[in-house]
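Single-letter residue listing:
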Amino acid sequence: MLNIVLFGPPGAGKGTQSENIISKYKLTHLSTGDLFRKHLGEGTELGKLARKFMDEGRLVPDEVVIDMVDDKIANTLGTNGFIFDGFPRTVAQAEALDKLMKKNKIEISGMIALDVAEDILKERIRERGKTSGRTDDQDEAKIETRIRVYLDETLPVAEYYEKQGKFTKINGVGTIEDIFADITKVIDRY
């Protein structure tokens, strides 16, 4: 079973590359952003709670995220594997994910991190905001907050997987096809 954590700051291209990876390797997409949007769209209590944090550019609390991820894994076992897009975002989430995986007798194959300079990230997010309708992609202060939260709280997750020998950094700038070719070289080694 192939289980990949696709990692990088907001605007790095995780969503785009996830689609390519899913198509090629037939993996189940596990995006907390998608899970949140589902709950937001349905107006659930979890969705309302997640919206409050997302609108402030803050991370949704771990216990909420972990419960959503656990449910998704438990209900989709038997696939070729999972691609974790935008999760885990904290070391505590990475540790909880490892426990969930172990409980289900699977493990993370590796983390692939998309590396993109901050000025390019901001431009990509602003461009995405023109078509996405996401309020957090259209507000400069929220963009700054999201990048700062990533650097302060999320970046340590890379070190967590690096210590396990499961971390690979990929240049996230270039054509979608070239970046994907670099990603597949890494995945094919798993």
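Data block above holds the structure.
This structure is a prediction, so every number in the text was calculated from the model and none was measured. (Residues numbered from 1 in each chain as written. Predicted model: local features only at pLDDT ≥ 70, side-chain atom pairs only at ≥ 80, totals over all residues. Heavy atoms only, no water.)

### What about the overall build of the protein?
Scanning the protein for helices and strands turns up nine helices and five strands. The N-to-C order of helical and strand elements in the protein reads β-α-β-α-α-α-β-α-β-α-α-α-β-α. Taken over C-alpha atoms, the radius of gyration comes to 16 Å for the protein, in line with the 16 Å a tight globule of 190 residues would show. Across the 190 residues in the protein, those meeting the buried criterion constitute 48%. In the protein, of all internal contacts separated by at least 6 residues, the share reaching a separation of at least 24 is 74%. Surface exposure of the protein reaches about 9600 Å², of which carbon and sulfur atoms provide 50%. When the 29 basic and 33 acidic side-chain charges of the protein are each reduced to a single mean position, those positions are 2 Å apart. (Helix = DSSP H or I, 4+ residues; strand = E, 2+ residues; numbered from the N terminus. Rg over C-alpha atoms; globule rule 2.2 N^0.38 Å. Buried < 20%, exposed > 50% of the residue type's maximum accessible area, 1.4 Å probe, protein only. Contact = heavy atoms within 4.5 Å. Areas by Shrake-Rupley, 256 points an atom, 1.4 Å probe, with all protein chains shown as cover. Lys, Arg positive; Asp, Glu negative; His and termini not counted. Charge placed at Lys NZ, Arg CZ, Asp CG, Glu CD.)

### Some remarks on the packing of helix H4 (residues 62-74) against helix H5 (residues 91-103)
Orientation of H4 relative to H5, taken along the N-to-C sense of each, is 25°, at an axis distance of 11 Å. With respect to H5, the axis of H4 lies roughly parallel. Between H4 and H5 the crossing geometry is right-handed. Each of Asp62, Val65, Ile66, Val69, Asp70 and Ile73 in H4 lies in contact with H5, whose residues at this interface are Ala92, Gln93, Ala96, Leu97, Leu100, Met101 and Lys103. By residue class, the composition of the contact of H4 with H5 is nine nonpolar, one polar and three charged. (Axes fitted to C-alpha atoms, helices over the stretch in contact; angles between N-to-C directions. Parallel < 35°, antiparallel > 145°, perpendicular 65-115°, else oblique. Left-handed = near helix turned anticlockwise from the far one by under 90°. Nonpolar A, V, L, I, M, F, W, Y, C, P; charged D, E, K, R; others polar.)

### A look at helix H1 (residues 14-25)
Helix length check: H1, at twelve residues, gives a terminal C-alpha distance of 16 Å against a target of 16 Å (1.5 Å per residue), a fit within 8%. Those residues of H1 that sit buried are Lys14, Gln17, Ser18, Ile21 and Tyr25. Projected down its long axis, H1 carries its buried residues within an arc of 110°, all on one side. Where H1 is buried, its residues meet strand E1 (2-7), strand E2 (28-31), strand E3 (81-85), strand E4 (110-115) and helix H9 (176-187). The positive-phi residue at the C-terminal boundary of H1 is Lys26, with phi of around 55°. (Expected span 1.5 Å × (residues − 1). Arc of directions from axis to C-beta.)

### Some words on the packing of aromatic side chains
Scanning all chains against the criterion turns up three aromatic pairs. An angle of 45° between the planes, with centres 5.7 Å apart, marks the rings of Phe7 and Tyr150 as tilted. Taken as a pair, Phe7 in strand E1 and Tyr150 in helix H7 (residues 140-154) lie far apart in primary sequence, 143 residues in all. The exposure classification of Phe7 matches that of Tyr150, with both residues buried. Consider the rings of Tyr160 and Tyr161, whose centres lie 5.1 Å apart with planes at 90°: the pair is edge-to-face. (Phe/Tyr/Trp six-rings, centres within 6.5 Å; stacked < 30°, edge-to-face > 60°.)

### Details of the packing of helix H6 (residues 118-132) against H7
Interaxial distance between H6 and H7 falls to 11 Å at its minimum, and their mutual angle equals 135°. Regarding the angle of H6 to H7, the classification is oblique. The two elements H6 and H7 cross, and the hand of that crossing is right-handed. From H6, Glu118, Leu121, Lys122, Ile125, Arg126 and Arg128 reach across to H7, where they touch Glu140, Ile143, Glu144, Arg146, Ile147 and Leu151.

### Focus: unusual backbone geometry
Here Lys26, not a glycine, exhibits a phi torsion of approximately 55°, which is positive. Structurally, Lys26 is set in the loop between H1 and E2. Although it is not a glycine, Lys105 adopts a positive phi angle of roughly 60°. Note on placement: Lys105 falls in the loop between H5 and E4.

In short, the description is geometric, and any link to function would need to be established separately.
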